[in-house]
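# Fold and contact review
The residues making up each chain are set out below.
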Amino acid sequence: MDSFYRNLYRVYFIFSQSIAEGVFRRWPGTGRGFVRLKRLAQRHFLPKAHAWVRIQSGLSQGLWMQICVFGEAGLWRGEHEPEVQNAILAVVRPGAVIYDVGAHVGTMALGAAQLVGDLGRVVAFEGDPENVERLRANSVRNGLEGRLQVVHAAVWSRTASDGLSFRRGTTARSQGGIEADGNHPVLAKGEIIKVPAITLDDFVAAGGLPPRMVKIDVEGGEYEVLRGATTLLATQRPLIIAEVHHHRAAEQITTWLNENRYEAQWNIPEEKFPRRLFAWPTEQDGDAWMRDVLFGSSRQKKVLESGS
């Protein structure tokens, strides 16, 4: 049945792209009607059940992932956040420790776990329990349990073992985040549940391995993650990748970077937010890393070609 779903989506994707190209070229005014037709096909013919697929390209190419065919096809194709994929490929070596804060179902964590090897570790923090279940299943399916540690907790500026309010996302359980201390996840519109919360400082103090890189994608709470990692960031000086979702967080993080002696590159889209932050300690040279983020590197090409 899974193969049926995959083939059905392939037919749908090729058909929709080819039809769209022809329609828009000949009759530009018909775009709105085509979008309605596409949504109708999605609603009635593409399943919302999860299916096992192999990621087609990018950081996690060749690995198995359980996705919702309708809604998560970009993850299947390996097209999600190419700059982040480049940033991870450019610096992660065997034996490294990586934190993926807001790991969703492991789009980045799975590929990073391949790169760190048997002596390394990827720690994937995720608040939504449904995502945690799928993330663990993805890890087991790919034989990565020894390299990929899944932590069911939202990372925040304070530890709350009894839980904090977490608003769930409505599209494939992405875009959820902590709704507390004045923070509201930008796009989340689902139900509110309680999830465990932890600071990165407390995680390390309890025996967690300190990271070489911290990737953050928490739908508006990025500054709170940094606030809860003061000691870690001052002593270990990891690289930082963050998706920043609103103006207030961007201002707070800019001040934080200056105070903590970090340099940064902001990749800002036309719509302004969300924007991507790449940051490194001032004592390190980040120029080469940024070139690899934008253009890739020979090592990245070799890794992608070999599939590991």
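Report follows, based on the coordinates.

What counts, and where the lines are drawn
Residues numbered from 1 in each chain as written. Predicted model: local features only at pLDDT ≥ 70, side-chain atom pairs only at ≥ 80, totals over all residues. Heavy atoms only, no water. Helix = DSSP H or I, 4+ residues; strand = E, 2+ residues; numbered from the N terminus. Buried < 20%, exposed > 50% of the residue type's maximum accessible area, 1.4 Å probe, protein only. Contact = heavy atoms within 4.5 Å. Areas by Shrake-Rupley, 256 points an atom, 1.4 Å probe, with all protein chains shown as cover. Expected span 1.5 Å × (residues − 1). Arc of directions from axis to C-beta. Pairing = 2+ DSSP bridges. Axes fitted to C-alpha atoms, helices over the stretch in contact; angles between N-to-C directions. Phe/Tyr/Trp six-rings, centres within 6.5 Å; stacked < 30°, edge-to-face > 60°. Lys NZ or Arg CZ within 6 Å of the ring centre and 35° of its normal. Salt bridge = Lys/Arg side-chain N within 4 Å of Asp/Glu carboxyl O.

### Quick word on the overall build of the protein
- If you tally the helices and strands in the protein, you get 12 helices and 13 strands.
- Per-residue burial for the protein yields a buried fraction of 53% across its 308 residues.
- Considering only contacts within the protein whose residues lie at least 6 apart along the sequence, 65% involve residues at least 24 apart.
- As presented, the protein carries roughly 14,600 Å² of accessible surface, and 52% of it is formed by carbon and sulfur atoms.

### Re helix 10 (residues 247–259)
- Between the first and last C-alpha of helix 10 there are 19 Å, a value that for 13 residues agrees with the 18 Å anticipated at 1.5 Å per step.
- Along helix 10, the residues that are buried comprise Ala 249, Ala 250, Ile 253, Trp 256 and Leu 257. When helix 10 is viewed along its axis, its buried side chains cluster within an angular range of 125° and face the same direction. For helix 10, exposure combined with an orientation more than 90 degrees from the buried face picks out Asn 258 and Glu 259.
- Buried residues belonging to helix 10 abut helix 8 (222–227), helix 9 (230–236), strand 11 (239–244), strand 12 (262–267) and strand 13 (275–281).
- Remark: Arg 261 follows helix 10 within two positions and exhibits a positive phi of approximately 60°.

### Here's the deal with unusual backbone geometry
- In the segment running from Phe 273 into Pro 274, the intervening peptide bond is cis, with an omega of -5°.
- Structurally, the position occupied by Pro 274 is in the loop between strand 12 and strand 13.
- Its identity as a non-glycine residue notwithstanding, His 104 has a phi of 55°, on the positive side.
- Here His 104 is to be found in the loop between strand 3 (97–101) and helix 5 (109–116).
- By relative accessible area, which is 15% here, His 104 ends up buried.
- Backbone geometry at Glu 219 places phi at a positive 60°, although glycine is not the residue there.
- Topologically, Glu 219 is positioned in the loop between strand 10 (213–216) and helix 8.

### Side note on the sheet that holds strand 3
- An order of 5-4-3-10-11-13-12 is seen for the 7 strands of this open sheet, with the pairing classed as mixed. Two strands lie at the open edges of the sheet, namely strand 5 (148–152) and strand 12, each paired on one side alone. Within this sheet the neighbouring strands show an average axis-to-axis angle of 15°, counted without direction.
- Sheet topology places strand 3 next to strand 4 (residues 121–126); 5 bridges connect them, and they run parallel. When the sheet's bridge partners are listed, Val 97 is paired in strand 4 with Arg 121.
- Sitting on the sheet, helix 5 touches strand 3, strand 4 and strand 5, and the angle it makes with strand 4 is about 165°.

### Comments concerning the packing of aromatic side chains
- Within the structure shown, the criterion is met by 6 aromatic pairs.
- One cation-aromatic arrangement involves Arg 141 over Trp 52; the distance from NZ or CZ to the ring centre is 4.9 Å.
- Across the ring face of Trp 64, the terminal group of Arg 141 is positioned such that the distance to the ring centre comes to 4.2 Å.

### As for the pairing of strand 2 (residues 64–68)
- Taking burial as the measure, the 5 residues of strand 2 include 4 buried ones, the bulk of the element.
- Examined bridge by bridge, strand 1 (residues 50–54) and strand 2 share 5 bridges and lie antiparallel to one another. Its bridge partner being in strand 2, Val 53 is matched across the sheet by Met 65.

### Examining the environment of Gly 177
- Summarising the element assignment, Gly 177 is placed in strand 8 (residues 177–178).
- Taking C-alpha positions, Gly 177 is 7.7 Å from Gly 220, a pair spaced 43 residues apart along the chain.
- Apart from the residues lying within four places of it in its own chain, the contact partners of Gly 177 are Ser 165, Phe 166, Arg 167, Pro 185 and Val 218.

### Digging into the pattern of salt bridges
- All chains considered together, the criterion is met by 14 salt bridges.
- For Arg 77, the salt bridge identified is with Glu 79, shortest N-O distance 3.0 Å.
- Residue Glu 79 is classed as partly exposed on the basis of its relative accessible area, which comes to 46%.
- The salt bridge involving Lys 215 is made with Asp 100; its shortest N-O contact spans 2.8 Å. With Lys 215 in strand 10 and Asp 100 in strand 3, this residue pair connects regions lying 115 residues apart in the sequence. With respect to class, Lys 215 is no different from Asp 100; both count as buried.
- In this structure, a network of salt bridges that share partners links the residues Asp 128, Glu 130, Arg 168 and Glu 191.

### A few points about the sheet that holds strand 7 (residues 160–167)
- Ordered in space as 6-9-7-8, the 4 strands form an open sheet in which the pairing is mixed. Every interior strand has two partners, whereas the edge strands, strand 6 (154–155) and strand 8, have only one.
- In this sheet, strand 9 (residues 192–198) lies alongside strand 7 in antiparallel orientation, the contact comprising 5 bridges. Bridge assignment links Arg 167 to a residue of strand 9, and that residue is Ile 192.

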